Amino acid sequence: MFTLDTLSGKTILVTGGGSGLGLAMATRFAEMGAHIAICGRTEDKLISAAADIKNAGTKAGHTTTVLTHAVDVRDYAAVGVMFERLTNELGQVNGLVNNAAGNFLSPTEDLSPNAFKSVIDIVLHGTFNCTQHFGKRLIDTEKPGNIVNIVTTYTETGGAFIVPSACAKAGVYAMTTSLAYEWGTYGIRVNSIAPGPFPTEGAWSRLIPANVEAGFIQRIPLGRYGEHIELANLATYLISDMSGYINGSCVTIDGGERLAGGEFNFLTQMAPRPQLKQMFAAMKPKKG
Ligand code: HXC
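Residues numbered from 1 in each chain as written. Predicted model: local features only at pLDDT ≥ 70, side-chain atom pairs only at ≥ 80, totals over all residues. Heavy atoms only, no water.

(A) Geometry of the sheet that holds strand 2 (residues 35-40). Read across the sheet, seven strands follow the order 3-2-1-4-5-6-7 without closing on themselves; strand pairing throughout is parallel. Two strands lie at the open edges of the sheet, namely strand 3 (66-70) and strand 7 (250-253), each paired on one side alone. Here the strands of the sheet are splayed against their neighbours by 15 degrees on average, with no regard to which way each runs. Two strands pair when backbone bridges link them, and strand 6 (residues 188-195) and strand 7 are joined in this way by four bridges, in the parallel orientation. Across the sheet, the residue bridging to A194 is T252, located in strand 7. On top of the sheet, helix 6 (residues 163-182) reaches strand 5 (145-150), strand 6 and strand 7; it is set at about 150 degrees to strand 6, its chief contact. (Pairing = 2+ DSSP bridges. Helix = DSSP H or I, 4+ residues; strand = E, 2+ residues; numbered from the N terminus. Axes fitted to C-alpha atoms, helices over the stretch in contact; angles between N-to-C directions. Contact = heavy atoms within 4.5 Å.)

(B) Fine view of unusual backbone geometry. Despite not being glycine, E142 shows a phi value in the positive range, around 55 degrees. By the element assignment, E142 lies in the loop between helix 4 (113-141) and strand 5. Although it is not a glycine, F161 adopts a positive phi angle of roughly 70 degrees. Along the polypeptide, F161 turns up in the loop between helix 5 (154-157) and helix 6.

(C) Looking closely at the nonpolar core. If you look at the biggest cluster of nonpolar residues, it comprises 31 residues, and the most contacted ones within it are M25, F29, I36, I38, V97 and I193. Every residue in contact with I193, bar those within four places of it in the chain, is listed here: V148, N149, I150, V151, L231, L234, A235, L238, C250, V251 and I253. In terms of nonpolar packing, the next biggest core, distinct from the first, is built from 25 residues, L67, L90, V93 and L179 among them. (Core = buried A, V, L, I, M, F, W, Y, C linked by side-chain atoms within 4.5 Å. Buried < 20%, exposed > 50% of the residue type's maximum accessible area, 1.4 Å probe, protein only.)

(D) Expanded view of the site of the ligand. Near the ligand you find 20 residues, and of these R41, R74, N103, S112 and N114 are the closest. Note that an oxygen atom of the ligand is positioned 3.1 Å from one of the side-chain N or O atoms of K284. In isolation the ligand exposes 1100 Å². Once the protein is present, 75% of that is buried. Taken together, the elements giving at least two residues each to the shell around the ligand come down to helix 4 and helix 7 (201-207). (Near = heavy atom within 4 Å. Polar contact = N/O pair within 3.5 Å; in protein donor to acceptor, adjacent residues only side chain to side chain. Areas by Shrake-Rupley, 256 points an atom, 1.4 Å probe, with all protein chains shown as cover.)

(E) Looking closely at helix 10 (residues 273-283). By the burial criterion, the buried members of helix 10 are L276, M279, F280 and M283. In a view along the axis of helix 10, the buried residues occupy a sector of 95 degrees, so they form one face of it. Summarising the geometry of helix 10, the exposed residues directed more than 90 degrees from the buried face are P274, Q278 and A282. Those residues of helix 10 that are buried are in contact with helix 7. (Arc of directions from axis to C-beta.)

(F) Just the state of the cysteines, in detail. Applying the stated criterion across every chain, the model contains zero disulfides. Lacking any disulfide linkage, C130 is separated from the closest cysteine sulfur, that of C39, by 5.5 Å. Since its relative accessible area comes to 1%, C130 is described here as buried. Cysteine C250 remains unbridged, with the sulfur of C167 as its closest cysteine sulfur at 17 Å. (Disulfide = S-S within 2.5 Å.)

Right, dumping it as structure tokens:
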């Protein structure tokens, strides 16, 4: 379906692009001819990811520029500095994938206010910060652009034990549809992808207790997890001009898992609540 120049002429920022699904998408974009910027909190991770992305672009016959920028997307001013630098060094950024996220399992009655705030800040405020700095530049220069927001299937259904993430992602979904209309008039398309289970170290270590993994996979009609390339291909399509008339849509890619109900709801039946609490507590990283 794609040719190796599907994304030529595009310069795309992927937030949280140093690992996991962000890295998979950035790598695929480079193969299709885009120049890439990735940001995240950990410089070392970004540098190693950039080498892989550049390599993928080179192998596909492109002269790929990959820029890394260490930033916490929660910091509005720092995100502005990043966009200033990207524009100076790469020219106009015309694609943005809001992928950076934070999440963990916790009974809601045990959440500290700061735990709730941390996830909302990364997912909802972080997406706003990047989206506004990105959009403002395009509107000022009267250039078209394209945003893909990574949401979740529980954006719609909600989900047990992931209330901060469900609230934040629902907000990102509302931002997607609102801006698709508001900024569509400027030629800026805004869509979202709702991935189901695509294993990554970041998500699995925080969200999938080892002894419930079998229950998790049983809920997927196709009987398997998603492969990163499947998500990366969908993102390539949505960020490319091939999808030029798709605006304000959310595309689900989950093997049909959402039809089994809210993604983490099944955990309520897996064990008595005190046992679940112990399992979740064991997954929480120690302070410091
Ligand atoms: C309860 C927790 C917790 C846990 C952290 N907190 N982990 N509370 N259970 N497991 C609380 C802390 O005690 C603290 O509150 C507050 O949250 C902030 O924690 P910090 O570690 O100080 O914050 P920070 O370093 O900014 O880390 C943010 C984070 C962390 C969200 C907590 O998990 C993170 O950095 N995640 C990024 C990567 C990630 O989550 N990837 C998965 C995304 S997958 P107090 O009150 O003690 O100060 C996804 C899609 C899901 O979203 C779909 C899957 C199928």
